[in-house]
Amino acid sequence: MRQRINEGHQRAGVTLVDPATTYIEPDVVIGADTLLHPNVHLRGKTTIGSGCEIEPGVVVTDCSIADQVHLKPGSVLSEASLGGCCAVGPMAHLRPGTVLSGNNKIGNFVETKKARIGEGSKVNHLSYIGDTDMGANVNVGAGTITCNYDGVNKHLTQVGDNVFIGSNTSLVAPVHVAEGATIAAG
């Protein structure tokens with residue numbers, strides 16, 4: 001069955017570097033000119049656009065991925081939606097409710113959950129962004145976390161457009177960072 005599914009995608013213009021180690025469930029839809037490296041797992045009702053590259057060890061479950069997206073090695077995505085031209089990973093974890101608007105960079109060792117990240121915003125490395133509504137063109141420095149849980153309730157972090165958040169910042173929700181703000185490191 002796996003071979004039959006993989007051959008169907010190959011005939012439709014998807015490149016599988018090593019079909020014997022590529023695992024695609026029956027409901028997955030993949031656009032033409034997408035490249036799948038070895039040990040990729042595509043599960044559930046995942047849809048992937050055209051011109052994407054999915055590198056080794058990536059696991060995608062029930063996600064919607066637009067065109068020209070690059071998923072780097074070891075990344076795990078579940079119930080997330082990615083706009084076009086995004087780059088994720090390596091070793092990123094996009095949990096349910098993550099929405100990348102497009103032209104986003106989610107770097108190594110970044111975890112997101114219920115995060116809406118605006119067009120062109122970047123979370124480059126070693127960060128946790130949860131229960132967050134982030135605007136466009138935001139730069140999030142290394143080691144930034146959203147502290148969204150007070151022990152009883154979860155709260156929303158709001159970040160406006162064109163914000164710069166320095167490295168090692170803890171955003172304690174509920175908090176609103178206004179458009180154009182700059183937060184120094186630490």
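Please refer to the structure higher up on the page.
Since this is a predicted model, take the numbers as computed values, not measurements.

(A) The arrangement of the overall build of the protein chain in detail. Within the protein chain, the secondary structure is distributed over 1 helix and 26 strands. Rg of the C-alpha trace for the protein chain: 17 Å, near the compact-globule value of 16 Å for 186 residues, within the 12% margin. Along the longest, intermediate and shortest principal axes, the C-alpha atoms of the protein chain span 50 × 30 × 20 Å. Scored against the burial criterion, the 186 residues of the protein chain give a buried share of 45%. Long-range contacts, defined here as pairs at least 24 residues apart, represent 10% of the contacts in the protein chain between residues at least 6 apart. Looking at the protein chain as shown, the accessible area adds up to about 8300 Å², and 52% of this sits on carbon and sulfur atoms. One way to put it: in the protein chain the 13 positive side-chain charges average out to a point 4 Å from where the 17 negative ones average out.

(B) View of the nonpolar core. Core analysis: the biggest nonpolar cluster contains 40 residues, and Leu 42, Ile 65, Leu 71, Leu 82, Leu 94 and Ile 106 have the highest contact counts within it. Setting aside anything within four residues of it in sequence, one finds Leu 94 in contact with Val 76, Leu 77, Ser 78, Ala 80, Leu 82, Val 88, Leu 100, Ile 106 and Thr 112.

(C) Expanded view of a nonpolar patch on the surface. A cluster of nonpolar side chains, Met 91, Phe 109 and Leu 126, forms an exposed patch at the surface whose accessible area comes to about 310 Å². With respect to the secondary-structure elements, Phe 109 resides in the loop between β16 (105-108) and β17 (111-117). When its relative accessible area of 48% is taken as the criterion, Phe 109 is described as partly exposed.

Calculation notes
- Residue numbers here run from 1 along each chain, matching the order of that chain's written sequence.
- Since the coordinates come from a predicted model, pLDDT governs what is reported: local features require at least 70, and pairs of side-chain atoms require 80 or more to be given and counted, while whole-chain, interface and lining totals use all residues.
- Computation of side-chain values: all heavy atoms of the structure, hydrogens and water removed.
- Think of it this way: any DSSP run of H or I at least four residues long counts as a helix, any run of E at least two long counts as a strand, and we number them from the N terminus.
- Our radius of gyration looks at C-alpha atoms and nothing else; its globule reference is 2.2 Å times the residue count to the power 0.38.
- Buried, partly exposed and exposed residues are distinguished by accessible area as a fraction of the type maximum, computed with a 1.4 Å probe on protein chains only: under 20%, between the cut-offs, and over 50%, respectively.
- Contact definition: two residues touch when any of their heavy atoms are within 4.5 Å.
- Accessibility throughout is a Shrake-Rupley quantity obtained with a 1.4 Å probe, and a residue counts as covered only by protein chains that appear here.
- Under this rule, positive means Lys or Arg and negative means Asp or Glu; His and the chain ends count for nothing.
- Charged side chains are reduced to one point each, which is NZ for Lys, CZ for Arg, CG for Asp and CD for Glu.
- Working definition of a nonpolar core: buried Ala, Val, Leu, Ile, Met, Phe, Trp, Tyr and Cys residues. They are joined through side-chain atoms within 4.5 Å.
- Patches in this entry comprise residues that are over 30% relatively accessible and not in a salt bridge; like charges within 9 Å are linked, as are nonpolar side chains (Val, Leu, Ile, Met, Phe, Trp, Tyr) within 5 Å.
- Salt bridge criterion: a side-chain nitrogen from Lys or Arg within 4 Å of a carboxyl oxygen from Asp or Glu.

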